[in-house]
Amino acid sequence: MPAFILALERSCCATVENLSEAGACLRGCADVKPGDDLWIRVGCLDRLVTVAWCEEDRCGVTFDAPLDHDDLIHLRCEGRNTLVTCLAPAERSAAQDWI
């Protein structure tokens, strides 16, 4: 699922690889380091996050406040719809079974 990341001195586009109530794993954030505070926009959600770890172009972030269960479900559905619309029919079927 696409995400827009904003820091004081830069911004970037990233991909959410994993999402939970407490945080997320992002790909495409090569210029961040642990302890950085970022503003993230994913779907309809804007949230302050702190970088917990970094590895190459991936990082883990923790939300300033945990996501509500309804927000988490909504974002996972958005991600599922984004994933499913970008796949070939056989891949789409497999993804729907997996998700």
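Residues numbered from 1 in each chain as written. Predicted model: local features only at pLDDT ≥ 70, side-chain atom pairs only at ≥ 80, totals over all residues. Heavy atoms only, no water.

What follows deals with the environment of Leu26. You can see Leu26 is positioned in strand E3 (residues 23-27). For Leu26, a relative accessible area of 0% gives the class buried. Sequence separation between Leu26 and Cys59 is 33 residues; the distance between their C-alpha atoms is 5.3 Å. What Leu26 contacts, discounting residues up to four positions off in sequence, is Ile5, Ala14, Thr15, Val16, Ile40, Asp57, Arg58, Cys59 and Val61. (Helix = DSSP H or I, 4+ residues; strand = E, 2+ residues; numbered from the N terminus. Buried < 20%, exposed > 50% of the residue type's maximum accessible area, 1.4 Å probe, protein only. Contact = heavy atoms within 4.5 Å.)

Moving on: the side chain of Asp36. Within the secondary structure, Asp36 is located in the loop between E3 and strand E4 (37-42). There is a polar contact of 3.0 Å between the side chain of Asp36 and the backbone nitrogen of Lys33. Sequence-distant contacts of Asp36, defined by excluding residues within four places in its chain, comprise Arg10, Asp31, Val49, Thr50 and Val51. (Polar contact = N/O pair within 3.5 Å; in protein donor to acceptor, adjacent residues only side chain to side chain.)

Turning next to the side chain of Arg47. Mapped onto the elements, Arg47 comes out in strand E5 (residues 45-55). A distance of 2.4 Å separates a polar side-chain atom of Arg47 from the backbone oxygen of Ala65. Filtering out sequence-adjacent residues up to four positions away, Arg47 remains in contact with Leu38, Trp39, Ile40, Phe63, Ala65, Pro66, Leu67 and Asp71.

Scanning the model with the defined rule gives 1 cavity of 30 Å³ or more in all. Empty space within the largest cavity amounts to approximately 40 Å³. Put simply, the parts of the chain that give the lining of the largest cavity at least two residues each are strand E2 (11-19) and E4. Of the residues contributing to the lining of the largest cavity, the split by class is 8 nonpolar, no polar and no charged. (1 Å grid on protein atoms, 1.4 Å probe; cavity = no way out; pocket = protein on both sides within 12 Å on 5 of 7 lines; lining within 4 Å. Points joined across faces, edges and corners; volume = space filled by probe spheres on them. Nonpolar A, V, L, I, M, F, W, Y, C, P; charged D, E, K, R; others polar.)

Confidence in the prediction for the chain averages 77 pLDDT; 70% of positions are at 70 or higher. Mean pLDDT across the secondary structure elements of the chain bottoms out at helix H2 (residues 89-98), with 60, and peaks at strand E6 (residues 58-63), with 92. Within the model, the stretch residues 81-86 combines pLDDT values under 50 with 6 contacts to residues more than four positions away or in other chains. (pLDDT = per-residue confidence, 0-100.)

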